[in-house]
Amino acid sequence: MDASMMAGLDGLAEEDKAKMASMIDQLQLRDSLRMYNSLVERCFVDCVDSFTRKTLQKQEETCVMRCAEKFLKHTMRVGQRFSELNQNAPTQD
C-alpha cells in the first residue's frame, strides 16, 4: 500500500490502521489475480484452436504473446488515465 493511502488513515488508531492496510492489500491482491485470470482466459479462448499437441503451435504462441501484450498495455493505459483523472479531481477537505 502506498503512502497516499496511508495518509487518509491518519485519524485512526494504529491497530485500525494495520487492519485497514491488511484489507487494502488483500483487495489489491484479489484484483491482481482477477486481472491475471481474465488475461489467461481471454487469450486462451482467442488464440488456442487445437488440442492435438501438448505444446502450442507457432501461430497460437504468437497470438498469445500479442494478446497478453495488448491486454497489459491497455491495463497500464487505463491505470494511467485513472491516475490523471484522480489527480485533477477536487479534494474534499
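Provided above is the structure to which this section pertains.
As the structure is a computational prediction, the values presented were derived from the model and not from experiment. (Residues numbered from 1 in each chain as written. Predicted model: local features only at pLDDT ≥ 70, side-chain atom pairs only at ≥ 80, totals over all residues. Heavy atoms only, no water.)

Engineer: What's the story with helix α3 (residues 58-88) in this structure? I'm lost.
Structural biologist: Side chains that are three or four residues apart share a direction in an α-helix, a result of its 3.6 residues per turn. Over its 31 residues, α3 extends 45 Å from the first C-alpha to the last, a length consistent with the 45 Å expected when each residue adds 1.5 Å. Taken as a whole, α3 has its buried residues at Glu60, Cys67, Ala68 and Phe71. Packing partners of the buried residues in α3 comprise α2 (14-47). (Helix = DSSP H or I, 4+ residues; strand = E, 2+ residues; numbered from the N terminus. Expected span 1.5 Å × (residues − 1). Buried < 20%, exposed > 50% of the residue type's maximum accessible area, 1.4 Å probe, protein only. Contact = heavy atoms within 4.5 Å.)

Engineer: When you look at α2 in this model, what are you seeing that I'm missing?
Structural biologist: When the terminal C-alpha atoms of α2 are compared, their 49 Å separation across 34 residues agrees well with the 50 Å that a helix rising 1.5 Å per residue should span. Every buried residue belonging to α2 is among Lys17, Ala21, Ile24, Leu39, Cys43 and Cys47, and all of these are buried.

Engineer: What exactly am I supposed to notice about the packing of α2 against α3 here?
Structural biologist: When two helices pack together, their arrangement is given by the angle between their axes and by how far apart the axes lie. Where α2 contacts α3, the axes come no closer than 9 Å and their chain directions differ by 145 degrees. Handedness of the crossing formed by α2 with α3: right-handed. Where α2 approaches α3, its residues Met35, Ser38, Leu39, Arg42, Cys43, Asp46 and Cys47 are matched on the opposing element by Glu60, Cys63, Val64, Cys67, Ala68, Phe71, Leu72 and Thr75. (Axes fitted to C-alpha atoms, helices over the stretch in contact; angles between N-to-C directions. Left-handed = near helix turned anticlockwise from the far one by under 90°.)

Note that every value here comes from positions in space, so none of it alone points to a role or purpose.
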